[in-house]
Amino acid sequence: MVKGKLKQLIIIAIILFIAISMGAVIGTVTWVINQSPDISEYGQWTTAESTTVYTADGEVLTRLYQQDRVYAPLSEVPEELQHAIIAIEDDRFYNHYGIDARGILRAITVNLRHRATVEGASTITQQLAKNALLTPERLYSRKLQEMYIALQFERKYTKDEILEFYLNEIFLGHSVYGVKNAANFYFNKDLDELTLAESALIAGLPRAPNYYSPYRNPNEAIRRRNIVLNRMLEQGYITAQEAEEARQEELNFEQGEEDNNDNIAPYFVEHIRKELLDQFGARKVYTGGLKVHTSLDLEMQKKAENTVNQAIESGEIPTVEQEDGHGERQPQLSLITLDPHTGHIKSMVGGRGEDKFNRATQAYRQPGSAFKPFVYTQAVRDGLGTGSIVDDTPKKYTSNLEGRDSWIPRNYNDQYSGPTTLRTGLARSINVMTVRLLDKVGISNTIQTAEDMGIKNIISEDRNLSLALGGLTKGVTPLEMATAYGTLATGGIKSEPIAISKVLDNRGNEIYSNPPVKDIVLEQSEAYLITDMLKSAIARGPDIWGTGWRAYLGRPAAGKTGTTSNYSDAWFVGYTPDLVTSVWIGEDSPKRMEYKQKDAEGNIITDNNGNPQTEIIASGQAAKLWGDYMRNIVQERPVAEFEQPNNIITKEINSKSGQLPGPYCPDHTITDELFIEGTEPTETCELHKETEKIEINLETGAIATEYCPEDEVETKEYQIKTRIIVDEDGVPIRKVDPETKIPLTDDDGDYIYEKIPEEKCSEHLPDDKEIEENNNGNMRDQILDFFNTLR
């Protein structure tokens, strides 16, 4: 009876064990099915493919990817490479259904014999499932998922489709995915150019890609290649002679030329990446195989980077280590070039270093005097010409700025020229003139003109006269300045900046197009007058020596310097008829750019007292950098002229009155200037009048006599009719406040002029001897006269 109960218990235990085991198996299978990705969600499944970014002329600039991969259909993969992969990775690929039981048993036998894992049993389909859809953890559950997904792939796709997916999915070392990238990376070849030996080497990589890389372990790479050739021979894919010839072949490893551009234009690439992410999202950008065509001119970019590097290495732009800012090396800089007719960005340097902060597009800085052309543009829109006159003398303005009730603008050298043409004022960047001009044409109108031309971040706090000198709350970017100046280069047509011209999907369909966006914001004649004045701003004489003379190209070009009052920002923005370039220099955390000078060995230069000598970085360095770069890129281009509109006329004027020359105008004040037809002067000069010269004693202020010492006498020229003294240009001289240099006025608000004295000098008389001699001479004359009467 006890035996009977024991027997029953054993039967029940066996039944329970079988039930639990079956439940576990069913539960495991159910879990595997539920947790495994459903490949049907992918439709016509394709592997992740890197996005390729091209320059304007079709060269590969870079790739954006999570896995660097360029997809190749099976028809592009040579049969030798297909056979090599199958021979070494899954010789029964065409005979199983995703899982190879015979291969599993063989692998177990081999591994037990060697007491180590020397052979794997995963089929090509299983490897595809693992690489494409599963995480890399080595778990039994993940292995079961791999087998299940492999069966699903075999159900849904043909063997050739699975092989195609695998050849594009596999990792082949050095961040390279897929056989097409591998052919280029290891041999600088397209797939159809590979030899048998090269195909065998690539086929040997999947087992341990980085270990078998010929760049890291060339001997192991060759040994692994020979194993692949042996397998191909064993399986009848090649003959013994072909195998031997392949073993003897000398392999030349050469990375593809595309990789030579990896370090070119890093800031432009980052700019492109952000635009793509905003437009398409991360998944499509990094895995969608997009073909992105950009505006970048590769040769122009290389010349931009070389010019910047040479300026830094030569010490023209110093290098100091700072703790603040986006990078340690300061001062920073940016350079950006546009085609003003299309808005295409041709080159971009966003800084010196490897940071992600792009100063060409993201740094908002004070433009300083580089803002002045917008004031002059508004003046031209109001009807002024290059020969119109603005008074270059100090003036006190009421101020709405916090902390001061009034403001007296100053020129950088505290020198003032009186009535001056717009051309001279802009070319020499005269502060006082520009403020007076802004006060005349209006702040609101000028802001509107600047915004029309491309300046975007002017706010309500900027509505004051310091705007004339570039005093902005937020500032401008170099890209904005290039866009705005480009409007002048094109004759008044603004083109929105473009970095991406079009995008194709991985099947070659155009999914994004970005044609130029243009807007006419100025009359051609208005833009031409500003351009003509800005040509003078980079002139090297003879009439005007502009502030931007270091940017002179020897061909038609125009531009403007810009330096903030504390030397924290230095600019040069300039253009030819077909290119516009903006250069900025400054520290990331704005501060005065004054640095200790160093000799060729890096030692600090000191004066005779041992004090370190310093140099200040200003717009001169920015202009030189612009000139060095632009001369480099235009030297092989044909010389082009700025097109002069038909309604621009040349008029001979007096450069101090802005009127037609009169009979008393000094010859050197008569010059030719440009006007829009209908705005030219018609009246004859009233400023200059008939003059005479007179000698004045500087000590007494009286008319000099023959007895005044020569070193106290100065010749003055004055208007005969008004007795007002004039300067060397024939302009009446106004009396000024000795401290502020503001011209003085009378109670009626009229200027008070310097006039010649009415009395002769009484302090300097003849000495006693001269008086005695004169007296004796007078008596002798009287005696002679007496005798003459007697006759």
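Let me begin by describing the structure that accompanies this report.

So, how was this worked out
- Residues numbered from 1 in each chain as written.
- Predicted model: local features only at pLDDT ≥ 70, side-chain atom pairs only at ≥ 80, totals over all residues.
- Heavy atoms only, no water.
- 1 Å grid on protein atoms, 1.4 Å probe; cavity = no way out; pocket = protein on both sides within 12 Å on 5 of 7 lines; lining within 4 Å.
- Points joined across faces, edges and corners; volume = space filled by probe spheres on them.
- Helix = DSSP H or I, 4+ residues; strand = E, 2+ residues; numbered from the N terminus.
- Nonpolar A, V, L, I, M, F, W, Y, C, P; charged D, E, K, R; others polar.
- Expected span 1.5 Å × (residues − 1).
- Contact = heavy atoms within 4.5 Å.
- Pairing = 2+ DSSP bridges.
- Axes fitted to C-alpha atoms, helices over the stretch in contact; angles between N-to-C directions.
- Parallel < 35°, antiparallel > 145°, perpendicular 65-115°, else oblique.
- Left-handed = near helix turned anticlockwise from the far one by under 90°.
- Salt bridge = Lys/Arg side-chain N within 4 Å of Asp/Glu carboxyl O.
- Buried < 20%, exposed > 50% of the residue type's maximum accessible area, 1.4 Å probe, protein only.
- Polar contact = N/O pair within 3.5 Å; in protein donor to acceptor, adjacent residues only side chain to side chain.
- Phe/Tyr/Trp six-rings, centres within 6.5 Å; stacked < 30°, edge-to-face > 60°.

1. Thoughts on the layout of surface pockets
Of the voids in this model, the second largest pocket is the one considered here, and its volume is about 1200 Å³. Around the second largest pocket, the lining is made up of 44 residues, and of these Ser417, Thr420, Thr424, Arg428 and Lys656 lie nearest the centre. Counting only elements with at least two residues in the lining of the second largest pocket, the list comes to β13 (418–421), α15 (422–427) and β24 (670–676). Across the lining of the second largest pocket, the residue classes tally to 14 nonpolar, 18 polar and twelve charged.

2. Some details on helix α9 (residues 218–234)
Taking 1.5 Å per residue, 17 residues should reach 24 Å; α9 reaches 24 Å between its end C-alpha atoms and fits that length. Those residues of α9 hidden inside the fold are in contact with α2 (79–89), α8 (196–203) and α10 (240–248). The positive-phi residue at the C-terminal boundary of α9 is Gly236, with phi of around 80°.

3. Let's talk about the sheet that holds strand β19 (residues 569–575)
Taken in spatial order, the five strands of this open sheet run β9-β8-β20-β19-β18, and their pairing is antiparallel. Strands at the two margins of the open sheet, each flanked by one partner only, are β9 (345–349) and β18 (558–563). Looking at each pair of strands side by side, their axes are set apart by 5° on average, direction ignored. Along the sheet, helix α20 (residues 619–634) contacts β8 (332–338), β9, β18, β19 and β20 (580–586); its crossing angle with β19, the most-contacted strand, is approximately 35°.

4. Quick word on the packing of helix α14 (residues 372–381) against helix α19 (residues 524–537)
Packing of α14 against α19 leaves a shortest axis separation of 9 Å and a crossing angle of 135°. If you check the angle between α14 and α19, you find them oblique. Judged by the sense of rotation from one axis to the other, the crossing of α14 with α19 is right-handed. Between α14 and α19, the contacting residues are Pro373, Tyr376, Thr377, Val380 and Arg381 on the first element and Glu526, Leu529, Ile530, Met533 and Leu534 on the second. Residue composition of the contact of α14 with α19, by class: seven nonpolar, one polar and two charged.

5. Thoughts on the pattern of salt bridges
Counted by the stated rule, this structure contains 30 salt bridges. Salt-bridge contacts for Glu76 lead to Lys180; the nearest nitrogen and oxygen are separated by 3.9 Å. Residue Glu76 is located in the loop between β3 (68–69) and α2, and its partner Lys180 is located in helix α7 (residues 179–187); the two are separated by 104 residues in the primary sequence. Given the relative accessible area of 39%, Glu76 is considered partly exposed. One salt bridge in this structure joins Asp588 and Arg359, with 2.8 Å as the shortest N-O distance. Of this pair, Asp588 sits in the loop between β20 and β21 (594–596) while Arg359 sits in the loop between β9 and α14; the two residues are 229 residues apart in sequence, bridging distant segments of the chain. The burial state of Asp588 is the same as that of Arg359; both residues are buried. Residues joined by salt bridges that share partners form a network here, namely Glu316, Lys624, Asp628 and Arg631.

6. Quick word on the environment of Glu193
With respect to the helices and strands, the residue Glu193 is situated in the loop between α7 and α8. Glu193 sits 115 residues away from Pro78 along the chain, and the two C-alpha atoms are 8.8 Å apart. A distance of 2.9 Å separates a polar side-chain atom of Glu193 from the backbone nitrogen of Asp190.

7. Remarks on the sheet that holds strand β16 (residues 510–513)
What the five strands build is an open sheet, ordered β2-β1-β5-β15-β16; its pairing is mixed. Across the chains shown, the open sheet's two edge strands, defined by having one partner strand only, are β2 (60–64) and β16. Here the strands of the sheet are splayed against their neighbours by 20° on average, with no regard to which way each runs. Inspection of the sheet shows strand β15 (residues 500–504) paired to β16 by three bridges, in the antiparallel sense. For Lys502, the partnering residue across the bridge sits in β16 and is Ser513.

8. Quick look at the packing of aromatic side chains
Using the criterion set out here, one finds 17 aromatic pairs in the structure. Ring plane angle 90° and centroid distance 5.0 Å describe the contact between Phe185 and Tyr186, whose orientation is recorded as edge-to-face. Here the two residues Phe185 and Tyr186 agree in accessibility, since each one is buried. The interplanar angle of 55° and the centroid separation of 5.9 Å between the aromatic rings of Trp545 and Trp549 together place this pair among those described as tilted.

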